[in-house]
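Residue-level structural notes
The primary structure of each chain is shown beneath.
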Amino acid sequence: GNAKSVAEQVNRQLIGIDPGAGIMKSANKAIADYDLKDWKLVEGSGAAMTAALDKAIREKKPIIVTGWTPHWMFAKYDLKYLEDPKQSFGGEEQIHTVVRKGLKADHPDAYAVLDRFEWSTDDMAAVMGAIQEGKKPEQAAQEWVGAHASQVDQWVGDAGKADGKALKLGYVAWDSEIASTNVVKAVLESRLGYKVTALQVEAGPMWAGIAGGDTDAMVAAWLPTTHEEYFNKYKDKVEDLGPNLKGTKTGLVVPAYMDIGSIEDLNK
Ligand SMILES: C[SH](C)CC(=O)O
């Protein structure tokens, strides 16, 4: 009999993450851009997506997920991005730090540290990997901060002490932001003496919290493409401190054993 197409093999399903994630908008754009008839983007969470990926790979089954770099899955599995010639997922991106207006006036030292916070995809991948191997996010972050004192000194500079003042970081349970948010929390707590709450929310409320001033900061703004809609909605109500990580990427990701190279091929 004739070999099943990839579309048939995966029942025309893309395994996504939380519905508010920008990557879900990009995936829906890809379905439209490439005219992927009758395809379904399955909503869930980052954890559900990686669980489905793990199961499929253990069973050497076909699967297509919404994936991004940096992510521990690229270290754990042999994966590949599908080519995206129509750039539905945009190009290379950065993750920005975004803070509430007024933070500089209220907390100039925390503001300065947040403004100077910048690390590499390898740095983030190291913390993500430690968490994936079972370390609690706070512990993995504290250990990374302890092992990279000179780099952290660059961020801290001459920032003064906060003597237990409270600060609230917003983030979404994406493996990348669980890592970065906990590192920033560890630095603000161990070096400046803040009492930091890391508030896990969905993407919309994360942006709304900063814009409304309820949350002080987030290090989770994927720009210029993935969070374009959130940024356009809130840009006048927040302060963008620029990239804390460069060289990120999003797209459709498959196990290397799948005989498919481009999103265009899904239409076959
Ligand atoms: C999951 S990261 C690519 C951020 C997002 O998609 O909103």
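Reading the values: the criteria
- Residues numbered from 1 in each chain as written.
- Predicted model: local features only at pLDDT ≥ 70, side-chain atom pairs only at ≥ 80, totals over all residues.
- Heavy atoms only, no water.
- Helix = DSSP H or I, 4+ residues; strand = E, 2+ residues; numbered from the N terminus.
- Rg over C-alpha atoms; globule rule 2.2 N^0.38 Å.
- Contact = heavy atoms within 4.5 Å.
- Areas by Shrake-Rupley, 256 points an atom, 1.4 Å probe, with all protein chains shown as cover.
- Phe/Tyr/Trp six-rings, centres within 6.5 Å; stacked < 30°, edge-to-face > 60°.
- Buried < 20%, exposed > 50% of the residue type's maximum accessible area, 1.4 Å probe, protein only.
- Lys NZ or Arg CZ within 6 Å of the ring centre and 35° of its normal.
- Polar contact = N/O pair within 3.5 Å; in protein donor to acceptor, adjacent residues only side chain to side chain.
- Near = heavy atom within 4 Å.
- Nonpolar A, V, L, I, M, F, W, Y, C, P; charged D, E, K, R; others polar.
- Domains from an automatic or database assignment.

**Brief notes about the overall build of the protein**
A count of helical and extended segments in the protein gives twelve helices and nine strands. Since a compact globule built from 268 residues should have a radius of gyration of about 18 Å, the 19 Å found for the protein is in line with a globular shape. Its C-alpha atoms give the protein principal-axis dimensions of about 70 × 40 × 25 Å. Restricting to contacts in the protein with at least 6 residues of sequence separation, those with at least 24 account for 82%. Per element, the accessible surface of the protein, about 12,000 Å² overall, is 48% carbon and sulfur.

**Describing the packing of aromatic side chains**
Considering all chains together, one arrives at eight aromatic pairs under this definition. Seen in terms of ring centroids, tryptophan 72 and tyrosine 77 are 6.3 Å apart; in terms of plane orientation they differ by 55°. Their pairing is tilted. With respect to class, tryptophan 72 is no different from tyrosine 77; both count as buried. On the numbers, 5.2 Å between centres and 80° between planes, the contact of tryptophan 119 with tryptophan 144 is edge-to-face. Of the two residues, tryptophan 119 sits in the loop between α6 (108-116) and α7 (121-132) while tryptophan 144 sits in helix α8 (residues 137-147), which places them 25 residues apart along the sequence. Per residue, the accessibility class of tryptophan 119 equals that of tryptophan 144, and both read buried. A connected cluster of aromatic rings, assembled from ring pairs, spans Phe117, Trp119, Trp144 and Trp155. The ring of tyrosine 34 is capped by lysine 86, whose NZ or CZ atom sits 5.7 Å from the centre of that ring. The lysine or arginine in question, lysine 249, covers the ring of tyrosine 81, its NZ or CZ lying 4.5 Å from the ring centre.

**Focus: the side chain of serine 262**
Note on placement: serine 262 falls in the segment after β9 (238-255). A relative accessible area of 9% means that serine 262 is categorised as buried. Within the structure, the side chain of serine 262 is placed 3.0 Å from the backbone nitrogen of glutamate 264, a separation counted as a polar contact. Discounting chain neighbours no more than four positions away, the residues touching serine 262 are Leu82, Glu83 and Pro85.

**Quick notes on the site of the ligand**
Taken together, Ile17, Ala21, Gly22, Ile23, Trp68, Trp174, Trp222, Thr226, His227 and Thr250 form the complete shell of residues around the ligand. Within the contact set of the ligand, an oxygen atom lies 2.7 Å away from a side-chain nitrogen or oxygen of histidine 227. For the ligand, whose free accessible area comes to 260 Å², the fraction covered by protein is 100%. Looking at side-chain class alone, the shell around the ligand contains six nonpolar, four polar and no charged residues. Looking at which domains feed residues into the shell around the ligand, each of domain 1 (6-91 + 250-267) and domain 2 (93-248) supplies at least three.

**Considerations on unusual backbone geometry**
Residue proline 70 follows threonine 69 across a cis peptide bond; omega there is 5°. Residue proline 224 is bonded to the preceding leucine 223 through a cis peptide linkage, with omega at 10°. Relative to the assigned elements, proline 224 resides in the loop between β8 (217-223) and α12 (228-234). If you check the backbone angles, lysine 60 has positive phi at about 50° while not being a glycine. Its location among the elements puts lysine 60 in the loop between α3 (46-58) and β3 (65-69). In this structure lysine 60 comes out as exposed when scored by relative accessible area, which is 58%. The backbone phi angle of glutamine 87 is positive, close to 55°, even though this residue is not glycine.

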